[in-house]
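Topology and contacts: notes
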Amino acid sequence: MSGLLTNGERRALLEAAREAVADAAAGRSARPLPVEGVFARRAGAFVSLHRHGELRGCIGHIGAEEPLGDVIGRCAVAAAKEDPRFDPVSPREVPDLDVEVSVLGPIEPVNDVDEIEVGRHGLIIEQQWHRGLLLPQVAMEHRWNRETFLAHACLKAGLPRDAWKHGARIFRFEAEVFGER
């Protein structure tokens, strides 16, 4: 999925995400984003924040029904303030953050796990009311193989590691991932 966004579009999305994080950390209202160009494209996206190489927040929206500008702005604020795994980002942390954006492609059901390519696909696992999502870069960062990736997606959903073998629904997607570093 690489190459769908221009370098200028990537820069614009990263700048918008960083501004939204800085505003949220300072307690300011988010600045309105333009409603044309890349910001008008309808896609799901995730905003990930890292500090000194460690995850500091990550929130996303998988649906493609909203403009990317709205999704990026809302997810950046949520990653900074609402990720339940972390305390809210403070204003003094903002300069040390690296912002990463993942723009999602279409979500496709997986009928055979051999259709999953580690490093290319992200995963969604669903069973009853449980749902877990892992972005494509997560498997690469941890050097997971396909079965380990599936197991961790199940765990993220709050399911047993092997739920993917026992009726959980599996979906895959590609993402265009880019960051400040």
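Refer to the preceding data block for the structure.
Summary of the structure given here.

With that settled, consider the nonpolar core. Formed by 29 residues in total, the largest nonpolar core has its most connected members in Leu13, Val47, Leu49, Leu68, Ile72 and Val103. Contributions of two or more residues to this core are made by α1 (7-26), β1 (45-51), α2 (68-81) and β3 (97-104). Among the elements that make up this core, the one with the highest residue count is α1 (eight residues). What leucine 49 contacts, discounting residues up to four positions off in sequence, is Val21, Glu54, Leu55, Arg56, Gly57, Ala79, Ala80, Val89, Leu97, Asp98 and Val99. Counting 27 residues, the second largest nonpolar core, distinct from the first, contains Ile124, Leu135, Val138 and Ala153.

Once that is clear, we can look at the environment of proline 91. Turning to its location among the elements, proline 91 is positioned in the loop between α2 and β3. Setting aside chain neighbours within four positions, we find proline 91 in contact with Ala25 and Ala26.

This part is about the side chain of glutamine 137. When you line up the elements, glutamine 137 lands in helix α3 (residues 136-142). Of the polar contacts made by the side chain of glutamine 137, one reaches the side chain of glutamate 100; its length is 3.0 Å. Here serine 102 takes part through its side chain, which lies 3.1 Å from a polar atom of the side chain of glutamine 137. When near neighbours in sequence (up to four residues on either side) are disregarded, glutamine 137 contacts Glu100, Ser102 and Val177.

Next up on the list: the environment of serine 90. The residue serine 90 is located in the loop between α2 and β3 in this model. Among the residues examined, serine 90 registers a relative accessible area of 16% and is labelled buried. With 63 residues separating them along the chain, serine 90 and glycine 27 place their C-alpha atoms 9.6 Å apart.

With that settled, the discussion passes to the packing of α1 against α2. Following both chains from N to C, one finds α1 and α2 inclined at 40°, their axes separated by 8 Å at the closest point. The orientation of α1 with respect to α2, classified from their angle, is oblique. The hand of the α1/α2 crossing is right-handed. Contacts between α1 and α2 involve Leu13, Ala17, Ala20, Val21, Ala24 and Ala25 on the former and, on the latter, Leu68, Ile72, Gly73, Ala76, Val77, Ala80 and Lys81. Tallied by class, residues from the contact of α1 with α2 come to eleven nonpolar, one polar and one charged.

Looking now at unusual backbone geometry. With a phi angle near 55°, histidine 52 is a residue other than glycine that sits in the positive phi range. In this structure, histidine 52 sits in the loop between β1 and β2 (54-61). The exposure class assigned to histidine 52 is exposed, which follows from its relative accessible area of 60%. The residue glutamine 128 is not glycine, and still its phi comes out positive at about 50°. The topology assignment puts glutamine 128 in the loop between β5 (121-127) and β6 (130-134). Accessibility expressed as a relative area gives 67% for glutamine 128, which makes it exposed.

Criteria and thresholds
Residues numbered from 1 in each chain as written. Predicted model: local features only at pLDDT ≥ 70, side-chain atom pairs only at ≥ 80, totals over all residues. Heavy atoms only, no water. Core = buried A, V, L, I, M, F, W, Y, C linked by side-chain atoms within 4.5 Å. Buried < 20%, exposed > 50% of the residue type's maximum accessible area, 1.4 Å probe, protein only. Helix = DSSP H or I, 4+ residues; strand = E, 2+ residues; numbered from the N terminus. Contact = heavy atoms within 4.5 Å. Polar contact = N/O pair within 3.5 Å; in protein donor to acceptor, adjacent residues only side chain to side chain. Axes fitted to C-alpha atoms, helices over the stretch in contact; angles between N-to-C directions. Parallel < 35°, antiparallel > 145°, perpendicular 65-115°, else oblique. Left-handed = near helix turned anticlockwise from the far one by under 90°. Nonpolar A, V, L, I, M, F, W, Y, C, P; charged D, E, K, R; others polar.

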